[in-house]
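Understanding the architecture of this molecule
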Amino acid sequence: MMHLLTVIGARPQIIKAAALSRAVAAHYADRITEHILHTGQHYDANMSQVFFDELDIPRPEYNLGVGSGNHGAQTARMIAGIEEVLLSRPFDGLVLYGDTNSTLAGAIAASKLHIPIFHIEAGLRSFNMTMPEEVNRIVCDRLSSILFAPTQTAVDNLRAEGFGTSHCPGRVILSGDIMYDNSLHFAAVAAGRCDIMQRLELTREGYILATVHRDNNTDRPERLAGILDGLVQSIRATGLPVVLPLHPRTRARIAATPALSTLLEESRMLVTEPLSFLEMTLLEQNARLVMTDSGGVQKEAYFFQRPCVILRPETEWVELTEHHTGIISDADTGRIVEACQALIANPPDNYPPLFGDGRAAERILEALL
């Protein structure tokens with residue numbers, strides 16, 4: 001029996017873990033035991049607990065309850081807590097997702113104890129070292145024993161950095177994207193279980209879906225103002241309402257600045273609390289356009305063949321811009337409106353299967369065994 005410790009901490013990781021846990025239960029329960037550790041990086045019930053309930057994810061066996069804080073202090077508490085769990089019993093490996101502080105902490109703790117690290121979503125690069133996520137993913141990749149790359153571009157990035165050689169012996173596997181597994185699985189579930197479209201009085205392709213949560217945007221008032229003004233101007237240019245689920249930190253930043261709060265007073269700006277994964281899935285499926293600074297939401301828009309305006313200066317999912325399904329606008333109001341109008345006037349019609357076949361979780365588990 002292989003014993004794996006899976007570390008999760010942020011909303012996207014909880015969702016990704018659902019695909020792996022589902023595959024373990026369905027096909028590998030006689031060979032793999034998965035132990036789940038939740039760092040508590042996202043600790044609000046709307047940001048965490050609802051996902052366990054909604055997606056039938058096994059309850060975490062360990063919960064560190066770390067909460068928010070500065071990067072250094074938060075990561076240090078996670079390293080200490082993860083190390084304590086890793087020392088509590090023999091584990092055959094540590095499964096890490098993505099690029100959060102939980103990912104970084106898990107990689108550091110396991111590497112010091114010489115426990116194999118398996119990184120899911122390896123090889124992503126924005127080539128912007130000012131992003132904490134870029135630092136986290138590079139460090140985790142370098143410390144990993146097996147690197148599961150979601151796309152060929154991610155594989156190419158790792159090969160260019162020397163992975164798979166004596167200098168960098170980590171094994172690189174093109175697994176496909178585990179979130180594509182989830183999107184296929186939960187798309188039909190969302191349609192049958194969610195009433196978010198009715199509650200918000202929305203019609204298919206009759207609205208724009210937007211999300212803003214990255215520190216680089218929320219912690220800099222001039223950038224946040226540029227994005228919110230871009231959303232307001234896009235409403236006026238297209239006549240479409242914007243659905244804007246607000247991360248608690250983003251809401252707090254806006255509330256602290258009267259000029260930003262005023263931008264939310266546009267009558268067709270539909271501001272909501274953070275939504276569940278199924279609600280977001282349904283809104284992504286039916287939106288005319290998606291505007292986001294989230295890497296995960298960019299990718300999900302592609303899964304559902306929705307065009308996307310990327311509210312950042314770059315993206316790690318370069319496939320979107322290469323296939324003209326996404327346009328980078330950064331936080332520039334004029335570019336946001338221009339990209340919005342361009343994608344609505346000439347929506348892309350080619351979404352090649354870049355993210356695998358929906359069996360990434362099984363491919364990952366087979367490789368681990």
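Up top is the structure.
Remember, predicted model here, so these are calculated numbers, not experimental data.

**Quick word on the overall build of the protein chain**
- Along its length, the protein chain carries 17 helices and 13 strands.
- Whereas a compact globule of 369 residues would reach a radius of gyration of roughly 21 Å, the protein chain reaches 20 Å, a difference of no more than 12%.
- The 369 residues of the protein chain split such that 59% are buried.
- Counting contacts in the protein chain only where the partners sit at least 6 residues apart, residues at least 24 apart contribute 72% of the total.
- The positive charge centre, built from 31 side chains, and the negative charge centre, built from 44, are 1 Å apart in the protein chain.

**Section: the environment of Ile336**
- Tracing the backbone through its elements, the reader meets Ile336 in helix 16 (residues 333-345).
- C-alpha separation for the pair Ile336 and Thr75, spaced 261 residues apart in sequence, amounts to 34 Å.
- Setting aside residues up to four positions removed in sequence, Ile336 forms contacts with Gly226, Ile227, Gly230, Ser234, Met291, Leu311, Ser329, Asp330 and Ala331.

**Digging into the packing of helix 10 (residues 221-238) against helix 16**
- Two elements in contact, helix 10 and helix 16, have axes whose closest approach is 8 Å; the angle formed by their N-to-C orientations is 40°. The angle between helix 10 and helix 16 places the two elements in the oblique class. The handedness of the crossing between helix 10 and helix 16 comes out as right-handed. Where helix 10 approaches helix 16, its residues Gly226, Ile227, Asp229, Gly230, Gln233, Ser234, Ala237 and Thr238 are matched on the opposing element by Thr333, Ile336, Val337, Cys340, Gln341 and Ile344.
- Each residue belonging to the contact of helix 10 with helix 16 can be placed in one class, and the counts come to 6 nonpolar, 7 polar and 1 charged.

**With respect to the sheet that holds strand 12 (residues 308-310)**
- Across the sheet, which stays open at both edges, the 6 strands sit in the order 10-9-8-11-12-13 with parallel pairing between neighbours. In this open sheet, the two strands that pair with only one neighbour each are strand 10 (269-272) and strand 13 (326-328). Pairs of neighbouring strands in the sheet enclose a mean axial angle of 20°, with direction left out of account.
- In the packing of helix 13 (residues 277-286) onto the sheet, the strands contacted are strand 8 (208-211) and strand 9 (242-245), and the crossing angle to strand 8 comes to about 135°.

**What to know about helix 10**
- With 18 residues, helix 10 extends 25 Å between its outermost C-alpha atoms, agreeing within 8% with the 26 Å of an ideal straight helix rising 1.5 Å per residue.
- Among the residues making up helix 10, those that are buried are Arg223, Leu224, Gly226, Ile227, Leu228, Gly230, Leu231, Val232, Ser234 and Ile235.
- Phi turns positive, to about 80°, at Gly239, one or two residues after helix 10.

**Things to note about the side chain of Asp177**
- Among the secondary structure elements, Asp177 is positioned in the loop between strand 7 (171-174) and helix 7 (178-193).
- Looking at Asp177, its side chain comes within polar contact range of the side chain of Lys299, at 2.9 Å.
- Setting aside chain neighbours within four positions, we find Asp177 in contact with Glu121, Pro150, Lys299, Phe303, Trp317, Phe355 and Ala360.

Reading guide: rules and limits
Residues numbered from 1 in each chain as written. Predicted model: local features only at pLDDT ≥ 70, side-chain atom pairs only at ≥ 80, totals over all residues. Heavy atoms only, no water. Helix = DSSP H or I, 4+ residues; strand = E, 2+ residues; numbered from the N terminus. Rg over C-alpha atoms; globule rule 2.2 N^0.38 Å. Buried < 20%, exposed > 50% of the residue type's maximum accessible area, 1.4 Å probe, protein only. Contact = heavy atoms within 4.5 Å. Lys, Arg positive; Asp, Glu negative; His and termini not counted. Charge placed at Lys NZ, Arg CZ, Asp CG, Glu CD. Axes fitted to C-alpha atoms, helices over the stretch in contact; angles between N-to-C directions. Parallel < 35°, antiparallel > 145°, perpendicular 65-115°, else oblique. Left-handed = near helix turned anticlockwise from the far one by under 90°. Nonpolar A, V, L, I, M, F, W, Y, C, P; charged D, E, K, R; others polar. Pairing = 2+ DSSP bridges. Expected span 1.5 Å × (residues − 1). Polar contact = N/O pair within 3.5 Å; in protein donor to acceptor, adjacent residues only side chain to side chain.

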